[in-house]
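What the coordinates show
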Amino acid sequence: MDVNTFYAVFSATCFTLVGLWWGVTLRDTSWVGDPVRRRAIGGVYLAFLLPALMGLFAQVGGVEQPAIWRVSFIVIAAAGCLATVRLLTSDREPALTAIRVGSIAVYVLVALMGGFPGAADLVGLRPIQAEALLLVLLVALGHALVWHHLVHDTATSSA
């Protein structure tokens, strides 16, 4: 796996998803008028922005200077954990709670892998590759959030 190519494409894709999400939120501006919804749509924004930032730091550090991406992954994953835990307090739906708990678990694994890169040996990967797989999971969970909000808000609007 060429990690530089992966992270370049990954970051660009995540930043594109951030832009697309902005477009979605602009179609229904009532979302930003409600504080609970505003936090929820901000959570989706972070679900794509934080992995994008980690991808950029992975490109800067790469395999030559792993301390750069390792420290940034720990810091960004901690921020993602804290933001997601805050969002859990306003969740009223089990499906949304499950997605957020899954995200917290992945953020914890990202931070642990950054702090203990030798753990990647357990799955036969380089640490930066194991992190790549975890970031893919974060983006998949971000997509699940998007799907949930679009389906839920469409159903609520129709009722």
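Residues numbered from 1 in each chain as written. Predicted model: local features only at pLDDT ≥ 70, side-chain atom pairs only at ≥ 80, totals over all residues. Heavy atoms only, no water.

1. With respect to the overall build of the protein chain
Heads up, the condition is: Comment: elements are numbered from the N terminus, with helices defined as DSSP H or I runs of at least four residues and strands as E runs of at least two. Here the globule rule reads 2.2 Å times residues to the power 0.38, and the radius of gyration is calculated from C-alpha atoms. Buried, partly exposed and exposed residues are distinguished by accessible area as a fraction of the type maximum, computed with a 1.4 Å probe on protein chains only: under 20%, between the cut-offs, and over 50%, respectively.
Each helix and strand in the protein chain was counted, giving six helices and zero strands. In the protein chain, the succession of α and β elements from N to C terminus is α-α-α-α-α-α. Compactness check: the protein chain gives a C-alpha radius of gyration of 16 Å against a globular reference of 15 Å for 159 residues, within 12% of the reference. Principal axes of the C-alpha set define a box for the protein chain whose edges measure 55 × 25 × 20 Å. Buried residues in the protein chain amount to 40% of all 159 residues.

2. Comments concerning the confidence of the model for the protein chain
Atom-level detail of predicted coordinates should not be read off regions where pLDDT is low. Rule in force here: Each residue gets a pLDDT score, which is the predictor's confidence in that residue and runs from 0 to 100.
Per-residue confidence for the protein chain gives a mean pLDDT of 90, with 95% of residues at or over 70. Element-level mean pLDDT values for the protein chain span from 75 in helix α2 (residues 30-33) up to 96 in helix α5 (residues 94-115).

3. Details of the packing of helix α3 (residues 35-61) against α5
The cut-off we apply is this: Note on definitions: angles span 0 to 180 degrees between N-to-C directions of axes, and those axes are lines fitted to C-alpha atoms, for helices only across the stretch in contact. Roughly parallel here means an angle under 35 degrees, roughly antiparallel means over 145, roughly perpendicular means 65 to 115, and every remaining angle is called oblique. The sense of a crossing depends on the near helix, which, turned anticlockwise from the far helix by less than a right angle, makes the crossing left-handed and, turned clockwise, makes it right-handed. A contact between two residues is defined here by any heavy atoms of the two lying within 4.5 Å. Only Asp, Glu, Lys and Arg are considered charged in this grouping, and only Ala, Val, Leu, Ile, Met, Phe, Trp, Tyr, Cys and Pro are considered nonpolar; every other residue, Gly among them, is considered polar.
Interaxial distance between α3 and α5 falls to 13 Å at its minimum, and their mutual angle equals 25°. By the angle between their axes, α3 is roughly parallel relative to α5. Crossing handedness for the pair α3 and α5: left-handed. Residues Ala40, Leu46, Ala47, Leu50 and Met54 of α3 lie in contact with α5, whose contacting residues are Arg100, Tyr107 and Val110. Per-class residue counts for the contact of α3 with α5 are seven nonpolar, no polar and one charged.

4. A short note on the environment of Leu141
With respect to the helices, strands and loops of the structure, Leu141 is situated in helix α6 (residues 127-158). A sequence separation of 134 residues divides Leu141 from Tyr7, and the C-alpha atoms of the two residues are 18 Å apart. Those residues within four positions of Leu141 in sequence are excluded, and the remaining contacts are Ile99, Gly102, Ser103 and Val106.

5. So, the UniProt feature "transmembrane region" (unreviewed entry) in the protein chain
Worth spelling out the cut-off: UniProt positions are given in the numbering used here, feature names are shortened, and annotations may be inferred rather than shown by experiment.
As recorded in UniProt, the feature "transmembrane region" (unreviewed entry) lies at residues 6-24, 44-61, 67-89, 101-120 and 132-151. When the span residues 6-24 is considered, its composition is 100% helix and 0% strand, and the gap between its end C-alpha atoms is 27 Å. As annotated, residues 67-89 has a helix share of 96% and a strand share of 0%, and its two end C-alpha atoms lie 34 Å apart.

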